[in-house]
Amino acid sequence: MAKTAAQWEAKPKFPETHYVDSRVYTDEAIFEEEKEKLFKPSWIIACHESEMAAPYDYRLFKHPAGVPLIVIRGDDNKVRAFYNICPHRGNTILYDPAGNAKRLTCIFHQWSFDSRGNCIDISRAEQGYQQRFCKEDAAMREVRCEVAFGGFVWVNLTDDAPALREFIGSAMDILEPYMQQPMEVFHYHKAHVRTNFKLWHDTNSEFYHDYLHYFNRITGMMQPGYFDRKYTGFPNGHATVGSMQIQYDKYEGSKERAVGWPGLARGGWYMVDVFPGMTYNLRTSVLRIDTAIPLGPNEAIIEFRGLGLKSDTEEERRQRVFDHNMIWGPFGRNLHEDLLGVHGQGRALRKDSDARWILQGREENNTIHDEVGMRHYYAEWARRMGRPAYDPYREGKPGPVRAAA
Amino acid sequence: MNIEKRKAIEELVYRSCLALDGQDYKAFLSLCDESFRYSICTYSPEIRREMVWLDHDRKGMETLFTNLPRHNSDHSPLTRHATVYTVEEKGAEAEVVSALQVFKTQLDGGATELFAVGRFHDTVSLQKLKLERRLVRLETRLLGYGYHIPF
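Quick look at the structure, then. (Residues numbered from 1 in each chain as written. Chains lettered and ligands numbered in written order. Predicted model: local features only at pLDDT ≥ 70, side-chain atom pairs only at ≥ 80, totals over all residues. Heavy atoms only, no water.)

Let us now look at the state of the cysteines. Evaluated as defined, the whole model comprises zero disulfides over all chains. We note that A:Cys106 lacks a disulfide partner, and the nearest cysteine sulfur, in A:Cys86, lies 4.0 Å from it. Not part of a disulfide, B:Cys17 finds its nearest cysteine sulfur in B:Cys32, a span of 12 Å. For B:Cys17, a relative accessible area of 4% puts it in the buried group. (Disulfide = S-S within 2.5 Å. Buried < 20%, exposed > 50% of the residue type's maximum accessible area, 1.4 Å probe, protein only.)

Quick look at the structure:
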């Protein structure tokens, strides 16, 4: 029997750790707080080292907390990150998303900076500032930056945040053996979706939605070992998903992936979800990286990267690109379905839409259709936000934020 | 190249758009040679690389079309608008470059938005008057939540 208004409003018959108030996806105030409490103190993937292989190569990155960044390889080959904001009158310093620049010169008044963030020229400095202000006063704002975990460039806006290794802990152990060889980005695109960034990460944190994908139903879900895949939660909200053997040849037009990945069992598939909105997805022959960049409570850009090995032959790379595009390209079978799914959630979960509760109640011994991945995420979300996700405004009884079971 | 031949090639390009707009894949494939190859490529200024986003031979395209109804897809129809810019005869083939705009119309309310711009780079068999090769070179790289049907 369908529900009345009161029944629809009633809290779900699950422990409070097993559902989420839909306002965590729609409220502007919560979104602004997330930028401060989730994104600013977290390590975020800005790009991959292969995107800036030579000295002075740079890459721009719009940090999820809103800060525009320049990531640049210095004359000493060290990768550093700076605000892409001129300290003079707040103009954008670099405009193109990538390039090579020995001098970073603001077009507005020609103030120039080197690849280490030092100001090296102020136009007519002496005449204007006399001895009151000099180049040393006009350095760029540097942001903490490390290259790690497969050659990715991580940035952190908070100077005293824990180190990257401490932030990740042992969550990446499952993938580290497969990221020992230099990798290279061969695919990059963005998807602009009217949805909350967490809904994308939720999708990457649960495999119950394999029902959405014909491809996965055929190649994975109906194959032996599928229900052996397990979620493991790690401190700071990260989670991993164990491997299985994907039967690619079960999908017409696909085939067994001959090119493979060094050390990875044929047809293997590992995932690592990194809090608050990144995912490593190593599937047989391709590593895919998602980075969620929220633009508002109901608007996000998702950056997608596809990587192969730097040592790939032309034929190996061609095969990896084919494998990638088959399911994960912009015209791929699965990516469109996943994005359509979160687009649909974005339509339904709007302020005033009365969506009310999001259920995360499946328990299957942490196996592939268990929703423990999402519960683990929202336990960390609650810890950082100081609000329980099931009652973000504490309209229920007051009490401490509870950890997920 | 005489006007009749050029007009026939232009019509081939336009018919290919009409067939895909109407999701009449049999009609589209009937315009393609047995040796047909279809690719979507674009350049990423972000990673400063050429990218291939789709690459299939005729059999691959047939399979793609066959599998479409098995997938969950956006059902908003696309309208392809092509303008043939140049036709160059090269032996038994013609190299044809056309401007392409793709519009998407929402099912609810019927609002139409520009979805993508790019170019068709077609190779046409002059004897068979069939498409041997279609390279869709996209300028647009932000495609929202994507699409299953090629342009």
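From this point on, the discussion continues.
Below, the discussion takes up a nonpolar patch on the surface. On the surface, a nonpolar cluster with roughly 330 Å² of combined accessible area is contributed by A:Tyr95, A:Ile107 and A:Phe108. With respect to the helices, strands and loops of the structure, A:Tyr95 is situated in the loop between β5 (79–83) and β6 (98–100). (Patch = residues over 30% accessible without salt bridge, like charges linked within 9 Å, V, L, I, M, F, W, Y side chains within 5 Å. Areas by Shrake-Rupley, 256 points an atom, 1.4 Å probe, with all protein chains shown as cover. Salt bridge = Lys/Arg side-chain N within 4 Å of Asp/Glu carboxyl O. Helix = DSSP H or I, 4+ residues; strand = E, 2+ residues; numbered from the N terminus.)

Residues and elements named next belong to chain B. Judged by pairing direction, the sheet is mixed, and its six strands sit side by side in the order β2-β1-β6-β5-β4-β3 without closing on themselves. Both outer strands of the open sheet, β2 (49–57) and β3 (78–90), are each paired with one neighbouring strand and no more. Averaged over all pairs of adjacent strands, the angle between strand axes in this sheet comes to 20°, irrespective of strand direction. Taken together, the twelve bridges between β3 and strand β4 (residues 93–105) define a ladder with antiparallel strand orientation. When the bridges of β4 are listed, Val87 appears paired with Val96. Docked against the sheet, helix α3 (residues 58–67) engages β1 (32–44) and β2, running at close to 80° with respect to β2. (Pairing = 2+ DSSP bridges. Axes fitted to C-alpha atoms, helices over the stretch in contact; angles between N-to-C directions. Contact = heavy atoms within 4.5 Å.)

All names here are of chain A. The geometry of helix α2 (residues 28–39) relative to helix α9 (residues 372–385) is characterised by a closest axis approach of 10 Å and an angle of 90° between their N-to-C directions. Looking at the two axes, α2 sits roughly perpendicular to α9. Along its contact with α2, which presents Ile30, Glu33, Glu34, Lys37 and Leu38, the element α9 presents Trp381, Arg384 and Met385. Its residues assigned to classes, the contact of α2 with α9 shows four nonpolar, no polar and four charged. (Parallel < 35°, antiparallel > 145°, perpendicular 65-115°, else oblique. Nonpolar A, V, L, I, M, F, W, Y, C, P; charged D, E, K, R; others polar.)

Residues and elements named next belong to chain A. In spatial order, the strands read β7-β8-β9; together these three strands make up an open sheet with antiparallel pairing. The open sheet is flanked by β7 (104–105) and β9 (119–121), the only strands paired with a single partner. Of the pairings in the sheet, the one linking β7 to strand β8 (residues 112–113) comprises two bridges and is antiparallel in character. What sits directly across from Leu104, in β8, is Phe113.

Core analysis: the largest hydrophobic core is formed by 121 residues, its most contacted members being A:Trp154, A:Met172, A:Tyr280, A:Leu287, A:Trp381 and B:Phe151. Leave out the neighbours within four places in its chain, and A:Leu287 touches A:Phe152, A:Met179, A:Met183, A:Trp261, A:Tyr280, A:Asn281, A:Leu282, A:Arg305, A:Gly306 and A:Leu307. Membership of the second largest hydrophobic core comes to 22 residues, among which are A:Met244, A:Met326, A:Ile327 and A:Trp328. (Core = buried A, V, L, I, M, F, W, Y, C linked by side-chain atoms within 4.5 Å.)

Residues and elements named next belong to chain A. A full pass over the atoms with the stated rule returns 24 aromatic pairs over all chains. For the pair Tyr19 and Trp357, a centre-to-centre distance of 5.3 Å together with 85° between the ring planes defines the contact as edge-to-face. In this pair, Tyr19 is assigned in strand β1 (residues 19–21) and Trp357 in strand β19 (residues 357–359), connecting sequence segments 338 residues apart. Using a relative accessible area of 2% as the deciding quantity, one classes Tyr19 as buried. Among the aromatic side chains, those forming a connected cluster through ring pairs are Tyr25, Phe275, Tyr377, Tyr378 and Trp381. The cationic tip of Arg229 hangs over the ring face of Trp269; the distance from NZ or CZ to the ring centre is 4.4 Å. (Phe/Tyr/Trp six-rings, centres within 6.5 Å; stacked < 30°, edge-to-face > 60°. Lys NZ or Arg CZ within 6 Å of the ring centre and 35° of its normal.)

Attention shifts here to the pattern of salt bridges. Oppositely charged side chains may form a pair once their charged atoms are brought near each other. Residue and element names in this part refer to chain B. On inspection of all chains with the given rule, the structure shows 43 salt bridges over all chains. Of the charged contacts, one joins Glu62 and Arg58 as a salt bridge, the two residues approaching to 3.2 Å between their closest N and O atoms. A residue pair is termed a helical-turn pair when its members lie 3 or 4 positions apart in one helix, as Glu62 and Arg58 do in helix α3 at four residues. Exposure remark for Glu62: the relative accessible area of 29% places this residue in the partly exposed category.

Attention now moves to the packing of helix α7 (residues 314–328) of chain A against helix α8 (residues 333–348) of chain A. Residue and element names in this part refer to chain A. Interaxial distance between α7 and α8 falls to 3 Å at its minimum, and their mutual angle equals 35°. Two secondary-structure elements touch here, α7 through Met326, Ile327 and Trp328 and α8 through Arg333, Asn334 and Leu335. Classifying every residue of the contact of α7 with α8 gives four nonpolar, one polar and one charged.

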